[in-house]
Amino acid sequence: MSRRFLLLVIALICAFVTPRAFAAQTVDLTPYLQAEVNEVATLTAQVSYLQQQADPISAGAVASYIPDHQMMVNLLSAQITAMGGNPAAVVPTGTPFLGTKQAIFNNDMAAHANVVNAYQNLAKNTDPAINRLAMIGWNGAARHFSSLQFALASTTYTPTSTHDGLFAALTLERATIADLQTQSARLSQLGDTTNANKLMALIPQHQTQASMLMTQISQLGWNPATAVAPPVVAFDTSNQILANERIINTQLVNSYAIAIYSQPANSPLQIAAMQTQPIALAALNSLFGVQVVTRTV
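Residues numbered from 1 in each chain as written. Predicted model: local features only at pLDDT ≥ 70, side-chain atom pairs only at ≥ 80, totals over all residues. Heavy atoms only, no water.

A. The overall build of the protein, seen in detail. When helices and strands are counted, the protein shows 11 helices and zero strands. Element order for the protein, N to C, with α for helix and β for strand: α-α-α-α-α-α-α-α-α-α-α. Here the analysis covers contacts within the protein between residues at least 6 apart in sequence; of these, 80% occur between residues at least 24 apart. Carbon and sulfur atoms make up 59% of the accessible area of the protein, which amounts to about 12,800 Å² in all. (Helix = DSSP H or I, 4+ residues; strand = E, 2+ residues; numbered from the N terminus. Contact = heavy atoms within 4.5 Å. Areas by Shrake-Rupley, 256 points an atom, 1.4 Å probe, with all protein chains shown as cover.)

B. A look at the nonpolar core. Of all hydrophobic cores here, the largest spans 77 residues; its most connected members are Leu-29, Leu-76, Tyr-119, Leu-122 and Phe-150. Among the elements that take part in this core, helix H7 (residues 128–153) stands out by supplying 13 residues, more than any other. (Core = buried A, V, L, I, M, F, W, Y, C linked by side-chain atoms within 4.5 Å. Buried < 20%, exposed > 50% of the residue type's maximum accessible area, 1.4 Å probe, protein only.)

C. Region of the structure containing the pattern of salt bridges. Following the criterion strictly, the structure yields three salt bridges and no others. In this structure, Arg-143 engages Asp-68 in a salt bridge whose closest nitrogen and oxygen atoms are separated by 3.2 Å. Here the residue Arg-143 occupies a position in helix H7, and Asp-68 occupies one in helix H5 (residues 66–82), the gap between them amounting to 75 residues. When the shortest N-O distance is used, the salt bridge between Asp-236 and Arg-132 registers 3.4 Å. Of this pair, Asp-236 sits in the loop between helix H9 (193–219) and helix H10 (238–262) while Arg-132 sits in helix H7; the two residues are 104 residues apart in sequence, bridging distant segments of the chain. Given a relative accessible area of 43%, Asp-236 falls into the partly exposed group. Salt bridges sharing common partners tie together Arg-132, Arg-186 and Asp-236. (Salt bridge = Lys/Arg side-chain N within 4 Å of Asp/Glu carboxyl O.)

D. Representation of the packing of H5 against H7. Relative to each other, H5 and H7 sit at 165°, their axes nearing to 11 Å. Overall, the two elements H5 and H7 adopt an arrangement that is roughly antiparallel. Taken as a pair, H5 and H7 cross one another with a handedness that is left-handed. Residues Asp-68, His-69, Met-71, Met-72, Leu-75, Leu-76 and Gln-79 of H5 touch H7, and the partners they reach there are Ala-129, Ile-130, Leu-133, Ile-136, Gly-137, Arg-143 and His-144. Its residues placed into classes, the contact of H5 with H7 shows eight nonpolar, four polar and two charged. (Axes fitted to C-alpha atoms, helices over the stretch in contact; angles between N-to-C directions. Parallel < 35°, antiparallel > 145°, perpendicular 65-115°, else oblique. Left-handed = near helix turned anticlockwise from the far one by under 90°. Nonpolar A, V, L, I, M, F, W, Y, C, P; charged D, E, K, R; others polar.)

E. A look at the confidence of the model for the protein. Taken over all residues, the pLDDT of the protein has a mean of 88, while the share at 70 or more is 89%. Across residues 293–297, confidence stays below pLDDT 50; counting only partners more than four residues off in sequence or on other chains, it has seven contacts. (pLDDT = per-residue confidence, 0-100.)

F. Here's a closer look at the side chain of Gln-79. The topology assignment puts Gln-79 in helix H5. Once residues within four sequence positions are removed from consideration, Gln-79 is found in contact with Leu-29, Ala-129, Ile-130 and Leu-133.

This is how it looks when you write it as structure tokens:
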């Protein structure tokens, strides 16, 4: 694993502190900001490297994670400034991890698992601003983990990879459903009924796909109930919500593209990807008028 999340060890140590004690402490958000700054730099380097390796599909998947991390840089920087700190002093450190696409996916999965744990611990803090930051970071890191898990599984053809890929796809669908429900409700509160209705209209398609994945997983003898989505936080404005939807659907399109291009015809992961990618493409078109041309298999 790369060293880019080494500073998060400091934050993870707090996991051994009780929630009550942790909530009473002044929280140093600098390790979290350092990790996010490092991740933006690492992902950017990995995108460039994969493009140089003539692998635009994998490069697109990795690139789709950058906006979430840049958002966290902005949110953490604003909170650190409000607490009297100097976020400008945080600059990228360490050496980005490079290698084969499988090595990159595996490395980034492990790194994001650590970030999920770190933000889960931070979410114990009862300060509303800190808790909100933690939940947003937790959601993004968990989505990236599932996306990377699906991407990695799509590059191999074993029962284990099929298991991992299908569970990752189901987790992504459940996360997307929860997000659409939460953000559409907030848009309604904001009086943006047009976009609220657009998000609500997308939910049944994802529910149908989730049901199909659950059936497929059950038929293979596994328990779909163990695919659990991360918590969702409603954003404050319509623009923030729409920016979030663009990020999520772009990630879905790029995640599923790997299976479409890499998996054998009619494999379980390719079937899942072929069924689900059009939903994300339709969402981008509905919300932003984005027309994306993809290769069919």
